[in-house]
Amino acid sequence: MSMKRQSAVQGDLIVAWSEMPRSPGHVFYDCLQTLLAEACFDGFVERTCKPYYAARMGAPSLPPGRYFRMHMVGYFEGIDSERGLAWRCSDSLSLRDFLCLSERETAPDHSWLSKTRTRLPHEVHEQVFGWVLALVAERGLVMGERIGVDGSTMEANAALRTIVRRDSGETYREMLTRMAAESGVETPTIDDLIRLDRARKGKKLSNADWTSPTDPDAKIARMKDGTTHLAYKPEHAVDLDTGVIVAALIHAADNGDTTTLPGTLEASGRNLASVGLAPTLDDPCVLVGDKGYHSREGLKRLDGGIWKTRIAEPKPANGYLRWQGDTAARQAVYANRARLRSGVGRDAMRRRGEMVERSFAHVLDRGGMRRAWLRGRENVHKRYLIHVAGFNLGILMRALFGSGTPKQAASARTAAVLIVQADQALAIALIHQGNDEIATLVILSLIHISEPTRLLSI
């Protein structure tokens, strides 16, 4: 056999449809496409987005269903940037089928995603998130009985070296250069500035003094790994019985937990009401939080309302509490403590640590949102809502088809136990089948019996 040499490829003028490259499709995206089609997802988003487009014929745009599907792919594939998302969708034939692209259409690039996100307001993204939540609730995956709340951090698309002072507009490097000149170094190098910055006492970066000119919404904060960055604070309200995220907000990173809790509870109550599970005075919803959410004013405000608090209580600094005649605060704190120490309260705290942290691990770490590539809290929240909607769809897919992510579906295996009984022996075997459709027979045990027996159950 002679060796064939690689030569330049000449494009065909006419190609039959049968000769087009086809993909067998990804089992996960095929099931998800069927689920969205049965629920009329494209019709919903087109009706929702219609007021924000020209009433008459205009320039062709990106279909809304394709725009939201691409962001869902960003969650399922763990892609952080829109450039990487556009490249991934153009490179995969199965994703092209999921985006409903014809043979002559190309995958949208990142500029189309940016234009569509700018055109569609924040309310549209909230409505799409609510539509997915309602779809999940129809399958009984939203209980609305116990809600766990917690916050995390995500790095903003801005660097600390670009911050400037609010009062004078002086950059951080200009400040170090001025301090070096005052200490006697006329022409400091970069190494001199670094040594001066490390050695100076009382070094502090305050959001009251510094701001980012590229992203004013980003705030200086300490990340979960101990580093300091310009960041945002995502906060989740999770149904502790199913793991579904009921509300997901993006707050300023310098806001404390007690400051952001009212907004998260308002969004949670609104979303639960949209699916018919709104908490009431007669049937309140349990609110579970860590020590950061514990405050006297917050417990007083929630006491006797639609939220029954089970919030962890920090130890007092001096060993005991002083109430200064505030009877309402004392009653609220003691009632919360009693509910927290019960067996139901301890179980709820364990569920909160499991479910809420799992949602952050899926959305931020595995889903690619730990680092934001967009600027502005509203822009970040738009994409974050669709990622969280993809997380909720993953829970629904796991309940319906057994796999919540494409990776889990690709690694799925099937097995069957086979029990064969003879007069003098009993054989137990395992038939294992992987995605390569090759079955393997493994004999687990071979039991010899002296008398014939009857197999009662398998």
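Look up a bit, the structure's there.
Rules behind the numbers
- Residues numbered from 1 in each chain as written.
- Predicted model: local features only at pLDDT ≥ 70, side-chain atom pairs only at ≥ 80, totals over all residues.
- Heavy atoms only, no water.
- Helix = DSSP H or I, 4+ residues; strand = E, 2+ residues; numbered from the N terminus.
- Buried < 20%, exposed > 50% of the residue type's maximum accessible area, 1.4 Å probe, protein only.
- Contact = heavy atoms within 4.5 Å.
- Axes fitted to C-alpha atoms, helices over the stretch in contact; angles between N-to-C directions.
- Parallel < 35°, antiparallel > 145°, perpendicular 65-115°, else oblique.
- Left-handed = near helix turned anticlockwise from the far one by under 90°.
- Nonpolar A, V, L, I, M, F, W, Y, C, P; charged D, E, K, R; others polar.
- Phe/Tyr/Trp six-rings, centres within 6.5 Å; stacked < 30°, edge-to-face > 60°.
- Lys NZ or Arg CZ within 6 Å of the ring centre and 35° of its normal.
- Salt bridge = Lys/Arg side-chain N within 4 Å of Asp/Glu carboxyl O.
- Pairing = 2+ DSSP bridges.
- Core = buried A, V, L, I, M, F, W, Y, C linked by side-chain atoms within 4.5 Å.
- Arc of directions from axis to C-beta.

Novice: Hey, could you go over the overall build of the protein for me, with residue numbers and the actual values?
Specialist: Looking only at helices and strands, the protein features 15 helices and 12 strands. A buried classification covers 42% of the 458 residues belonging to the protein. In the protein, 68% of the contacts between residues at least 6 apart in sequence involve partners at least 24 apart.

Novice: Residues and numbers for the packing of helix α3 (residues 64-77) against helix α14 (residues 377-401), please.
Specialist: Direction vectors running N to C along α3 and α14 enclose 70°, while the axes themselves pass 8 Å from each other. In terms of their interaxial angle, α3 and α14 are classed as roughly perpendicular. Helix-helix and strand crossings are classified by hand; for α3 and α14 the assignment is right-handed. Every residue of α14 that contacts α3 at F68, H71, M72, G74, Y75 and F76 is listed here: R383, I386, H387, G390, F391, L393 and G394. Looking at side-chain class alone, the contact of α3 with α14 contains 7 nonpolar, 5 polar and 1 charged residues.

Novice: I'd love a proper account of the environment of G140, names of residues and values included.
Specialist: Counting through the fold element by element, G140 comes out in the loop between α7 (122-138) and β1 (146-151). With 256 residues separating them along the chain, G140 and L396 place their C-alpha atoms 9.7 Å apart.

Novice: Hey, could you go over the packing of aromatic side chains for me, with residue numbers and the actual values?
Specialist: As enumerated under the stated definition, the model contains 11 aromatic pairs in all. Summarising the aromatic geometry, the rings of F28 and Y29 are spaced 5.6 Å apart at their centres and angled 80° between planes, so their arrangement reads as edge-to-face. Each of the two residues, F28 as well as Y29, counts as buried. Members of the aromatic cluster, connected to one another through ring pairs, are F28, Y29, Y75, F76, F98 and F391. Lying over the aromatic face of W210, R165 brings its terminal NZ or CZ to 5.2 Å of the ring centre. One Lys or Arg, R366, reaches over the ring of Y75 and ends 4.7 Å from the middle of that ring.

Novice: Any chance you could break down the pattern of salt bridges for me, citing the residues and the numbers?
Specialist: This structure, assessed with the given rule, holds 22 salt bridges. The closest approach of N and O atoms between R351 and E354, which form a salt bridge, is 4.0 Å. A residue pair is termed a helical-turn pair when its members lie 3 or 4 positions apart in one helix, as R351 and E354 do in helix α13 (residues 343-366) at 3 residues. With a relative accessible area of 21%, R351 lands in the partly exposed category. Exposure remark for E354: the relative accessible area of 35% places this residue in the partly exposed category. Where salt bridges share partners, they join R146, D241, D347 and R350 into one cluster.

Novice: Describe the pairing of strand β6 (residues 228-239), listing the residues and the values that go with them.
Specialist: Burial analysis of β6 places 10 of its 12 residues in the buried class, the great majority of the element. The pairing of β1 with β6 spans 5 bridges and is classified as antiparallel. Following the sheet pairing, G151 is matched in β6 by E235. Summarising the sheet, strand β2 (residues 154-155) and β6 pair through 2 bridges and their orientation is antiparallel.

Novice: Quick rundown of the nonpolar core? Include the residues and the values.
Specialist: Counting 104 residues, the largest nonpolar core has L32, F68, M154 and Y384 as its most contacted members. Examining the composition of this core, we find that 11 residues originate from one element, α14, more than from any other. When neighbours within four sequence positions are excluded, Y384 is seen to be in contact with M154, P234, H236, A248, I250, F360, V363, L364 and M369.

Novice: Break down helix α6 (residues 110-119) for me, with residues and values.
Specialist: Those residues of α6 that sit buried are L113, T116 and R117. Taken end-on, α6 shows its buried residues confined to a sector of 100°, consistent with a single buried face. Turned more than 90 degrees off the buried face of α6, the exposed positions are K115 and T118. As for α6, its buried residues are in contact with α3, α4 (82-91) and α14.

Novice: Can you lay out unusual backbone geometry for me, pointing to particular residues and giving the numbers?
Specialist: The phi dihedral of C40 falls on the positive side, at around 60°, and the residue is not glycine. Following the sequence through the fold, C40 ends up in the loop between α1 (27-38) and α2 (41-49). The phi dihedral of C100 falls on the positive side, at around 60°, and the residue is not glycine. With respect to the secondary-structure elements, C100 resides in the loop between α5 (93-98) and α6. What makes C100 partly exposed here is its relative accessible area of 43%.

Novice: Pulling in residues and values, what's your account of the environment of L249?
Specialist: By the secondary structure assignment, L249 is in strand β7 (residues 245-252). Spatially, the C-alpha atom of L249 lies 7.1 Å from that of H381, the residues being 132 residues apart in sequence. Setting aside its immediate chain neighbours within four residues, L249 contacts K233, P234, E235, G263, T264, A267 and H381.

Novice: Just give me the short version of the packing of α1 against α14, but keep the residues and values in it.
Specialist: As a packed pair, α1 and α14 sit with axes 11 Å apart at the nearest point and diverge in direction by 100°. The pairing of α1 with α14 is recorded here as roughly perpendicular in orientation. Residues F28, C31, L32, L35 and L36 of α1 form the contact with α14, whose participating residues are L393, L396, M397, L400 and F401. Broken down by class, the residue content of the contact of α1 with α14 amounts to 10 nonpolar, no polar and no charged.

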